[in-house]
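Architecture at a glance
Each chain, letter by letter, is given below.
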Amino acid sequence: MRTLFRPLLVGLLLIATPVLAADLTEKQALAKAIGILKGDPYGASAAEVAANITERRLGPRSATVCGGGASPVWAFHVVVPRPVTNPDGRIDGWLVIDARSGRMVCANLPFLD
């Protein structure tokens with residue numbers, strides 16, 4: 001039993017370690033998201049932008065507004081109740097970034113290309 005357990009454990013660690021090491025932590029991903037969103041209408045400072053991020057999720061791309069694929073992504077729910085550019089309006093959408101590079105994958109938010 002012992003002789004089977006050790007190689008199995010080593011094999012699992014070898015498979016899982018590169019995947020886990022490649023992903024951004026929640027803090028790193030949040031910093032990337034803030035960098036993408038900073039400016040009108042999402043907030044002039046990092047604190048203002050962070051206050052408009054109401055939810056964070058790490059998961060497969062297929063479970064986001066982007067759809068398709070199983071690559072890991074961070075999804076950020078962004079809600080700006082009274083944007084400076086349109087105080088009578090409201091912004092409510094998602095920013096999705098790659099969990100490895102931090103680059104934007106897609107968004108259903110205004111002013112992001």
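The rules behind these values
Residues numbered from 1 in each chain as written. Predicted model: local features only at pLDDT ≥ 70, side-chain atom pairs only at ≥ 80, totals over all residues. Heavy atoms only, no water. Pairing = 2+ DSSP bridges. Helix = DSSP H or I, 4+ residues; strand = E, 2+ residues; numbered from the N terminus.

The next thing to look at is the pairing of strand β4 (residues 104-107). The pairing of strand β3 (residues 91-98) with β4 spans 3 bridges and is antiparallel. Residue pairing in the sheet places Val96 in a bridge with Cys106 of β4. Following β3, the chain reverses through 5 residues before pairing antiparallel with β4; Gly102 in that reversal takes a positive phi of roughly 80°.

This brings us to the environment of Val80. Its location among the elements puts Val80 in strand β2 (residues 72-80). The sequence separation of Val80 and Gly93 amounts to 13 residues, and the corresponding C-alpha distance is 9.2 Å.

With that settled, consider unusual backbone geometry. Each neighbour pair has its own omega, and for Asp40 with Pro41 the value is 5°, a cis peptide bond. Mapping Pro41 onto the fold places it in the loop between α2 (26-37) and α3 (46-51).

By themselves, these observations are geometric and do not establish any function.
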